[in-house]
Amino acid sequence: MADTAASRIMQSILTRAIRLYPPEKRAWGEAILAESNSVTEPSAALSWTVGGLMVAFRAFFSRLFRRPAAKSEPALTGPAQIPPPLPWKLVLVCLVISGALLFVPDLRQGLSVIFSSWRDELKPTDETALWEKIGRDAESKGDAAAMAVAAMRLPDPEGNRFDEAVRLAEHAVAKDPSLTWTYYFLALRRVDSRFQGSPHPEITQRLQNWDPRNAIGYLAQADKIAQTHEHDPQWRGRGSKEEKISHIRGRDPRWLELMGRAFAAPVYDTYFARRLDLDLQVMQRLGVIDPQFATRAYFSADVLPSILNWREYADLRLAQGEEAERAGKWEDAAGEYWAVAQFGQRVCLGHKADTDVELVIARDLQERSFKHLQPVLLKLGRAQEAQGVAYAAQLQHAENEETATHDNSEERRLLTFSLASGLLVHFCAILSAASLLLIAVALLTFAVKRAPSKFVRFGLTYAPLVLVLSCTGLLCAYHPYAAYYKSYLANPSAQDHESILNVLLVSGVPRYVHSEISADSHVYFWWAIIATGSAIAVLLGSRAVWKTRRRSHAH
């Protein structure tokens, strides 16, 4: 054979492939290597190498499932050799390495997250008993922070345990008045249409008295009034714009007053950062925190008032501005438009969470009011202000378009890279558990039978290696999530929405796979069919090439 690059590569590969053969069949590999000297063409060298590798791997895996040799099978070597002893040293070394990896906190955390996510999918955890116990213990110890956290966690949407939650919150506030903001989260529970508990109107009044400069207390009370009129057809009219505005103008005067005070309030703060920090501090102190529990707190802490009420009241103020314009009252019209624009600005300034819907609506209010405001300012001879609000309207529109683009790209990333990495973490964990189980069953079988069967030999030869590889893979795959979790605990309210979703995706893979991937199961089914068919075609083609080569060399 000519000394070419292809021949040298083929010779090197086939030489190393000889090591895959069991001792009694190693002559096959040596024969294939010797026959390669007659191959001259690069394409023939490639076919011969592929065929030789397939025979080597087939001989390698045939050791695992030995069967008595047929009488017609020619013996290439002497009498059958004694099977090698069981690899006890390999088992011991792999178990020691895997046990040492368990001392790495990231690996233990990853296993804990995956175990709890599958447990919650099969049997959801009822957190009510946990928070009831925390509330009782905190009350007996006078722990105001823990009482406040338990109070915000106890009620469900139907209002069950709402009275107990209010009582705990009152005790917490009596001990520490700086926790009065917790009333906001109880007040927003009452706005849920499923709520059937006691009203407790005093909590919103206490919130307003404690923080009168904040719009959120007035919005919470206005939401409760709107909720009582939810099924009233006169409350939210249909038809033309004029008819809708007429219905809004004719609403409960108390609702109109509260919305007016909210739009005039100098501060907008949903207490998101305060609640998130308090939640995580208390959970860490009480030892009831894990990554899944902690990241879910990010979303439970971000509770918003009714954005529909914002828009409807903003529509009323804009309509009143248009009426003032028609009457030639330019200053009054400017005042109405500025009220809507400045409310949107305060929402953006007080925005602590990455909740896009809140920002999008606030920017939309600014854009609409600025478009109305520009001609009014020109009428008043304030050209520079008119130009400034025109630019501001364009800026709000561009930012909303950027938000929409970001949301689309975020969804694509979550459905590709994030889902794939989350599945990899779960796959490594499941593989670790399966290999450990296989080792245990193999050891138990050997202890009972006292004979190294094929199953025992297979389990103790390959399962320890798989255990080490899967543990290492889990550590590497989960490490980025563990690092992010540490930064999240250090400053939770400063984290971005997409990173939180990435962490939640890992813990929610079982539910996500069930709800999302199953919806597109036909797509993945056909991809599986195509992949399987391609693998079979490659295998059959390689075998055909190998057999053709053997026949040609035999002749």
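Residues numbered from 1 in each chain as written. Predicted model: local features only at pLDDT ≥ 70, side-chain atom pairs only at ≥ 80, totals over all residues. Heavy atoms only, no water.

1. Re the overall build of the protein
Here is step 1: Check the secondary structure of the protein and you find 23 helices and zero strands.
Here is step 2: The buried share among the 555 residues of the protein stands at 42%. (Helix = DSSP H or I, 4+ residues; strand = E, 2+ residues; numbered from the N terminus. Buried < 20%, exposed > 50% of the residue type's maximum accessible area, 1.4 Å probe, protein only.)

2. A short note on helix α8 (residues 162–175)
Here is step 1: With 14 residues, α8 should reach 20 Å at 1.5 Å per residue; the first-to-last C-alpha distance of 20 Å fits that figure.
Here is step 2: Turning to α8, its buried residues are Phe162, Ala165, Val166, Leu168, Ala169, Ala172 and Val173. Along the axis of α8, the buried residues cluster in a sector spanning 165 degrees; they form a single face. For α8, the exposed residues lying more than 90 degrees away from the buried face are Ala174 and Lys175. (Expected span 1.5 Å × (residues − 1). Arc of directions from axis to C-beta.)

3. Regarding the UniProt feature "transmembrane region" (unreviewed entry) in the protein
Here is step 1: Per the UniProt annotation, the sites labelled "transmembrane region" (unreviewed entry) are residues 423–448, 460–481 and 524–546.
Here is step 2: End C-alpha atoms of residues 423–448 are separated by 37 Å, and the span's content is 100% helix alongside 0% strand.
Here is step 3: Annotation note: span residues 460–481, helix share 100%, strand share 0%, distance between end C-alpha atoms 32 Å. (UniProt positions renumbered as here; feature names shortened; annotations may be inferred.)

4. Considerations on the packing of helix α5 (residues 105–122) against helix α20 (residues 454–490)
Here is step 1: Orientation of α5 relative to α20, taken along the N-to-C sense of each, is 90 degrees, at an axis distance of 8 Å. Between α5 and α20, the angle falls in the class roughly perpendicular. Residues Asp106, Leu107, Gln109, Gly110, Leu111, Val113 and Ile114 of α5 pack against Cys471, Leu474, Leu475, Tyr478, His479, Ala482, Tyr485 and Lys486 of α20.
Here is step 2: Taken together, the residues of the contact of α5 with α20 sort by class into ten nonpolar, three polar and two charged. (Axes fitted to C-alpha atoms, helices over the stretch in contact; angles between N-to-C directions. Parallel < 35°, antiparallel > 145°, perpendicular 65-115°, else oblique. Contact = heavy atoms within 4.5 Å. Nonpolar A, V, L, I, M, F, W, Y, C, P; charged D, E, K, R; others polar.)

5. So, the packing of helix α7 (residues 144–153) against helix α14 (residues 272–286)
Here is step 1: Packing of α7 against α14 brings their axes to within 10 Å, and their N-to-C directions diverge by 110 degrees. Here α7 is positioned roughly perpendicular relative to α14, judged by the angle of their axes. As for the relative orientation of α7 and α14, their crossing is left-handed in sense. Facing α7, whose interface residues are Ala145, Ala146, Ala148, Val149, Met152 and Arg153, α14 presents Arg275, Leu278, Asp279, Val282, Met283, Arg285 and Leu286.
Here is step 2: Its residues assigned to classes, the contact of α7 with α14 comprises nine nonpolar, no polar and four charged. (Left-handed = near helix turned anticlockwise from the far one by under 90°.)

6. Things to note about the pattern of salt bridges
Here is step 1: Summed over all chains, the structure comprises 19 salt bridges.
Here is step 2: Here Glu331 ties to Arg382 by a salt bridge, and the two come within 3.4 Å at their closest N and O atoms. One end of the pair, Glu331, is in helix α17 (residues 330–349); the other, Arg382, is in the loop between α18 (356–379) and α19 (383–449), with 51 residues separating them in the sequence.
Here is step 3: Classification of Arg382 by relative accessible area gives partly exposed; the value is 26%.
Here is step 4: One salt bridge connects Glu367 with Lys371, and the closest N-O pair in it is separated by 3.2 Å. Note that Glu367 and Lys371 are positioned in helix α18 at a spacing of four residues, about one turn of the helix.
Here is step 5: The exposure class assigned to Glu367 is buried, which follows from its relative accessible area of 8%.
Here is step 6: Ionic contacts of the salt-bridge type, sharing partners, join the residues Arg153, Arg275 and Asp279 into one network. (Salt bridge = Lys/Arg side-chain N within 4 Å of Asp/Glu carboxyl O.)

7. Regarding the environment of Leu14
Here is step 1: Tracing the sequence through the fold places Leu14 in helix α1 (residues 5–17).
Here is step 2: When the C-alpha atoms of Leu14 and Leu33 are compared, they prove to be 6.0 Å apart, with 19 residues separating the residues in sequence.
Here is step 3: With residues near it in sequence (within four places) discarded, Leu14 still touches Ile32, Leu33, Ser36, Trp48, Thr49 and Gly52.

8. So, unusual backbone geometry
In terms of backbone geometry, most residues other than glycine have negative phi values and most peptide bonds are trans.
Here is step 1: The phi dihedral of Arg161 is positive, around 65 degrees, even though this residue is not glycine.
Here is step 2: Overall, Arg161 belongs to the partly exposed group, its relative accessible area being 27%.
Here is step 3: Even without being glycine, Tyr271 reaches a positive phi, approximately 60 degrees.

9. Let's talk about the packing of aromatic side chains
Here is step 1: Per the stated rule, a full pass over the model turns up 18 aromatic pairs.
Here is step 2: With a centroid separation of 6.1 Å and an interplanar angle of 40 degrees, the aromatic rings of Trp131 and Phe293 are classed as tilted. Residue Trp131 is found in helix α6 (residues 128–141), and its partner Phe293 is found in helix α15 (residues 291–300); the two are separated by 162 residues along the sequence. Neither residue differs from the other here; Trp131 and Phe293 are each classed as buried.
Here is step 3: Linked through ring pairs, Trp255, Phe263, Tyr268, Trp310, Tyr313 and Phe343 together constitute an aromatic cluster.
Here is step 4: Sitting over the face of the ring of Phe185, Arg275 holds its NZ or CZ atom 4.8 Å from the ring centroid. (Phe/Tyr/Trp six-rings, centres within 6.5 Å; stacked < 30°, edge-to-face > 60°. Lys NZ or Arg CZ within 6 Å of the ring centre and 35° of its normal.)

10. Observations concerning the confidence of the model for the protein
Here is step 1: Of all residues in the protein, 85% attain a pLDDT of 70 or more, and the chain-wide mean is 82.
Here is step 2: Looking at the elements of the protein, mean pLDDT is at its lowest for helix α22 (residues 509–517), recorded as 54, and at its highest for helix α13 (residues 253–264), recorded as 94.
Here is step 3: Low pLDDT, under 50, characterises residues 514–523; the stretch is placed with five contacts to residues that sit more than four places away or in other chains. (pLDDT = per-residue confidence, 0-100.)

11. Description of the side chain of Asp269
Here is step 1: On the secondary structure map, Asp269 appears in the loop between α13 and α14.
Here is step 2: Buried Asp269, no salt bridge; nearest opposite-charge side chain is Arg274, N-O distance 4.2 Å.
Here is step 3: Of note is the side chain of Asp269, whose polar atom sits 2.9 Å from the backbone nitrogen of Tyr271.
Here is step 4: Beyond its immediate chain neighbours, meaning those up to four positions away, Asp269 contacts Asn214, Ile216 and Arg274. (Lys, Arg positive; Asp, Glu negative; His and termini not counted. Polar contact = N/O pair within 3.5 Å; in protein donor to acceptor, adjacent residues only side chain to side chain.)

12. Topic: the nonpolar core
Here is step 1: Ranked by size, the top nonpolar core spans 118 residues in total, and within it Trp255, Tyr268, Leu278 and Tyr488 carry the most contacts.
Here is step 2: The element contributing the most residues to this core is α20, with 14 residues.
Here is step 3: The contacts of Tyr268, once residues within four sequence positions are left out, are Asn214, Ala215, Ile216, Leu219, Leu304, Pro305, Trp310, Phe343, Arg346, Val347, Gly350 and Glu358.
Here is step 4: By size, the runner-up hydrophobic cluster in this structure holds 14 residues, among which are Met10, Leu14, Ala45 and Val55. (Core = buried A, V, L, I, M, F, W, Y, C linked by side-chain atoms within 4.5 Å.)

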